[in-house]
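The primary structure of each chain is shown beneath.
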Amino acid sequence: MNRWFYGGLIVDNLAGSATNKALIKALQMELNSQFNAGLKVDGLWGAKTKNACITVREGANGNLTRLIKAALICKGYDVKGFDGKFGDGLDKAVKKFQSAKALKVDGLVGQGTFEALFK
């Protein structure tokens, strides 16, 4: 997080509220950068941030995929590497997460899955 998104986090191996806020800020920055979402970068999850989220699927590459991986890692899921590639390992982790959260298990990271990851 610190390297790619300037999270300013103290590295303590704990995924607490500061980590979640940094993840949301990074998500907001990325949505603004890639999609001109016009979001306030405040680290708070809300309707505007949710509505700006696009659907990310297997085969995607980039920072949104990296943020999905970071959020899943913080929740204890094995995504098979921390890079920007949405491959089989991330697909399996997303499906396990979706199942655990009683979401539609399709491997697609859309608004509902983003909300469950970041809210």
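For the structure itself, look to the data block above.
Below you will find a few notes about this structure. (Residues numbered from 1 in each chain as written. Predicted model: local features only at pLDDT ≥ 70, side-chain atom pairs only at ≥ 80, totals over all residues. Heavy atoms only, no water.)

Grouped together as the largest cluster of nonpolar side chains are 26 residues, with contacts concentrated most on Leu-27, Ile-68, Leu-72, Val-109, Phe-114, Leu-117 and Phe-118. Counting only elements with at least two residues in this core, the list comes to α2 (17–35), α4 (63–74), α5 (88–100) and α6 (111–118). Not counting chain neighbours up to four residues away, the residues in contact with Phe-118 comprise Asn-20, Leu-23, Ile-24, Leu-27, Trp-45, Leu-67 and Ala-71. (Core = buried A, V, L, I, M, F, W, Y, C linked by side-chain atoms within 4.5 Å. Buried < 20%, exposed > 50% of the residue type's maximum accessible area, 1.4 Å probe, protein only. Helix = DSSP H or I, 4+ residues; strand = E, 2+ residues; numbered from the N terminus. Contact = heavy atoms within 4.5 Å.)

Before going further, it helps to examine the pattern of salt bridges. Across all of its chains, the model carries six salt bridges by this definition. Between Glu-115 and Lys-50 there is a salt bridge, with the nearest N and O atoms lying 3.1 Å from each other. Taken together, the residues Glu-115 in helix α6 and Lys-50 in helix α3 (residues 47–52) connect sequence positions 65 residues apart. Between Asp-83 and Lys-69 there is a salt bridge, with its nearest N and O atoms 2.5 Å apart. (Salt bridge = Lys/Arg side-chain N within 4 Å of Asp/Glu carboxyl O.)

A few words on unusual backbone geometry. Notably, Asn-36 is not glycine yet its phi reads approximately 50°, a positive angle. Mapped onto the secondary structure, Asn-36 falls in the loop between α2 and α3. Its identity as a non-glycine residue notwithstanding, Ala-102 has a phi of 60°, on the positive side. Here Ala-102 shows up in the loop between α5 and α6. Taking relative accessible area as the criterion, Ala-102 reaches 73% and is therefore assigned exposed.

Helix-helix packing is characterised by the crossing angle of the two axes and by the distance between the axes. The contact between α2 and α4 brings their axes to 10 Å, and the two run at 165°. Relative to α4, the element α2 is oriented roughly antiparallel. The handedness of the crossing between α2 and α4 comes out as left-handed. For the pair formed by α2 and α4, the contact residues are Thr-19, Leu-23, Ala-26, Leu-27, Glu-30, Leu-31, Gln-34 and Phe-35 on the first element and Asn-63, Leu-64, Leu-67, Ala-70, Ala-71 and Cys-74 on the second. Along the lines of polarity and charge, the residues of the contact of α2 with α4 split into ten nonpolar, three polar and one charged. (Axes fitted to C-alpha atoms, helices over the stretch in contact; angles between N-to-C directions. Parallel < 35°, antiparallel > 145°, perpendicular 65-115°, else oblique. Left-handed = near helix turned anticlockwise from the far one by under 90°. Nonpolar A, V, L, I, M, F, W, Y, C, P; charged D, E, K, R; others polar.)

With 13 residues, α5 ought to run about 18 Å at 1.5 Å a step, and its terminal C-alpha atoms sit 18 Å apart, in line with that. Along α5, the positions that sit buried rather than exposed are Gly-89, Leu-90, Asp-91, Ala-93, Val-94, Phe-97 and Gln-98. Ala-102 sits one or two positions beyond α5 and adopts a positive phi of about 60°. (Expected span 1.5 Å × (residues − 1).)

Helix length check: α4, at twelve residues, gives a terminal C-alpha distance of 16 Å against a target of 16 Å (1.5 Å per residue), a fit within 8%. By the criterion of burial, α4 is predominantly enclosed, with nine of the twelve residues buried. Turning to α4, its buried residues number three or more, namely Leu-64, Thr-65, Arg-66, Leu-67, Ile-68, Lys-69, Ala-70, Ala-71 and Leu-72. Backbone geometry just downstream of α4 places Gly-76 in the positive-phi region, at approximately 90°.

Such coordinate-based values are descriptive only and should not be taken to indicate function.
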